[in-house]
Amino acid sequence: MSDSDTTSPAPENSPGQQTHFGFKQVDKSQKASLVANVFDSVAAKYDVMNDLMSLGVHRLWKRYTIDCSGVRAGHKVLDIAGGTGDLTAKFSRMVGPTGSVTLADINLSMLKVGRDKLRDKGLVSNIDYVQADAESLPFPDNTFDVVTMAFGLRNVTEKQNALDSIYRVLKPGGRLLVLEFSKPASEHLSKLYDIYSFHILPRMGQVVANDEESYRYLAESIRMHPDQETLKGMFEQAGFEQCDYSNLTGGIVALHRGYKF
Amino acid sequence: MPASALFTATAEAAVNRILTLDEDSAGRLAALEGQRLVLFLDELPAGLTLIFSKRVDIHTEPRSHPEVVADIDTHTCCIRTSVSVLPKLTQTSQLTQLIRQQALDLDGELSIAQKVAALFGQLDTDPEEWLSDYIGDIAAHQAFSSAEKFKQSLMQVLGRTRAGITNTITEEKPIGVGKLAMLHFSDEVSILRDDIQRFEARLNALDKEQ
């Protein structure tokens, strides 16, 4: 399933073009601000809710992503939609003083939470913070050795534009890793997951973050996100090679990888 | 869920927890800042990378041993060995001897391996002190005294079991019935059974004649 449901050749983000925001249809020009509202609302409780929603398993998904990244000392890493900086913290130590990590997020609230968290951990020397839209990254061509995007791509209005933009900023030989919710491989798991997502998750959001709607959007946006094979095709369309993916926790989450040669 | 991620997460949490129990470890860790040790154990399917900063990060190494060795830099040491050799690595003086014995392949900076050996070999931890922060001095002391008593009892039971097994192997087994003797006995029982059957048949035949 494509993020864009229209076939109109009209320019991007022009009024009238529709896209989904969860299960709702909205103007493309509105989606970014609607997503921003969601993350403004949940930023303060983001880490707590992640731990609660996934029972801490999100830490293992992210660790697996880091293991697959092949990041080494001296590398330049871009962590898009880095949110509260879970991946950036690890990458900062992995690249060492000779490398650098750029934490990019379109949402200023999330970026501030991430910056404060990383500074509290004493991580200051090799991290840059950039408020940036994944669809038009403000970096020169061939800049980064590794680009990661964990749980961010489904919120982007034009996912293909984001993949194209990432491809541009990656150095030849660099790799992209996208960790994102996906489609469970088993029907039984899928049914259980639906019950959890649409009945339990919004209530948890209401109790912990006092925000049921944002967590209902989370569940809906996951269902609207491209499945594993579709996203792999989008990687290939952007120009990535040797694309593959690994299903984690029965396909609830998938890690997609692609290389720029 | 990849088991490797769970394994490295657990190992990383344990290592950093243990290091916090020894205040002096911070100094030894500082000497390793910015360096990394890639460890390939024969028993594990992939290597482990230990990255040293103010803490130790442990990750699965995606590259093979030859790939790491081919691309090694001055901030990295790569070791290939087996789990049984690991405890010996805490004694820095044994490193060169282990390399000579071919129990250890070491590439890159030897000094990193020596510093890592010192980091863990010189650990001076007091778990009772650590536990007392959470449950109080008396409870912590009692918990450790009980654990020590349990350990002694367990060691006694294990000692008796080991002695029993040793006695069985060294004393009783040699005088026990061997496999050949058992086969011979079984053959003799079979012959005796056949003789009895023949004898019964003959008796029955004699009864009928009378």
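Please read these numbers as outputs of a predicted model, since none were measured by experiment.

Peer 1: Now, about the sheet that holds strand E3 (residues 56–61) of chain B: what can you tell me, with residues and values included?
Peer 2: Backbone hydrogen bonds are what pair the strands of a sheet, in a parallel or an antiparallel way. Pairing in this open sheet of five strands is mixed, and the strands run E3-E2-E1-E4-E5 (chain B) from one edge to the other. Where the open sheet ends on each side, the last strands, each with one partner, are E3 and strand E5 (105–108) of chain B. Between one strand and the next, the sheet's axes are offset by a mean angle of 20°, whatever the strand orientation. The strands that helix H4 (residues 86–95) of chain A touches are strand E1 (36–41), strand E2 (47–52) and E3 of chain B; relative to E3(B), the one it contacts most, it runs at about 90°. The strands touched by helix H5 (residues 110–121) of chain B are E1, E2, strand E4 (76–81) and E5 of chain B; relative to E4(B), the strand with the most contacts, the crossing angle is about 70°.

Peer 1: Describe the packing of aromatic side chains, naming the residues involved and giving the relevant values.
Peer 2: Residue and element names in this part refer to chain A. Inspection of the entire model under this criterion finds seven aromatic pairs over all chains. Residues Tyr167 and Phe240 carry aromatic rings whose centres are separated by 5.1 Å and whose planes lie at 90° to one another, so their mutual orientation is edge-to-face. Of this pair, Tyr167 sits in helix H6 (residues 159–169) while Phe240 sits in the loop between helix H9 (228–238) and strand E8 (241–248), and the two are 73 residues apart along the sequence. Overall, Phe240 belongs to the buried group, its relative accessible area being 3%. An aromatic cluster is present here, built from Trp61, Phe151 and Phe181 joined pairwise through their rings.

Peer 1: Explain the pairing of strand E6 (residues 144–150) of chain A to me, using residue names and the numbers behind them.
Peer 2: A regular strand places its side chains on the two faces of the sheet in alternate fashion. All names here are of chain A. Most of E6 sits inside the fold, with seven of its seven residues counted as buried. The sheet contact formed by E6 and strand E7 (residues 170–181) spans six bridges and is parallel. When the sheet's bridge partners are listed, Ala150 is paired in E7 with Leu179.

Peer 1: Go over the domain arrangement of chain B with me, naming the residues and quoting the values.
Peer 2: One frequently used descriptor of interface size is the decrease in accessible area upon assembly of the parts. When cut into domains, chain B gives domain 1 (3–125) and domain 2 (135–209). Each of domain 1 of chain B and domain 2 of chain B was reduced to a C-alpha centroid, and the two centroids are 46 Å apart.

Peer 1: Help me get a handle on the interface of chain B and chain A, residues and values and all.
Peer 2: Chain B puts 18 residues into the contact, and the matching count from chain A is 16 residues. Approximately 1600 Å² of surface area, both sides summed, lies buried where chain B meets chain A, with 58% of it carried by carbon and sulfur atoms. On the surface where chain B and chain A come into contact, there are five salt bridges. Two residues, B:Glu12 and A:Arg63, come together in a salt bridge whose shortest N-O distance is 2.9 Å. Going through the elements one at a time, helix H1 (3–20) and E3 of chain B are the ones with two or more residues in the side of chain B that touches chain A. With five residues, H1(B) is the single largest residue contributor to the side of chain B that touches chain A.

What counts, and at which threshold
Residues numbered from 1 in each chain as written. Chains lettered and ligands numbered in written order. Predicted model: local features only at pLDDT ≥ 70, side-chain atom pairs only at ≥ 80, totals over all residues. Heavy atoms only, no water. Pairing = 2+ DSSP bridges. Helix = DSSP H or I, 4+ residues; strand = E, 2+ residues; numbered from the N terminus. Axes fitted to C-alpha atoms, helices over the stretch in contact; angles between N-to-C directions. Contact = heavy atoms within 4.5 Å. Phe/Tyr/Trp six-rings, centres within 6.5 Å; stacked < 30°, edge-to-face > 60°. Buried < 20%, exposed > 50% of the residue type's maximum accessible area, 1.4 Å probe, protein only. Domains from an automatic or database assignment. Buried area = accessible area lost by both parts, 1.4 Å probe. Salt bridge = Lys/Arg side-chain N within 4 Å of Asp/Glu carboxyl O.

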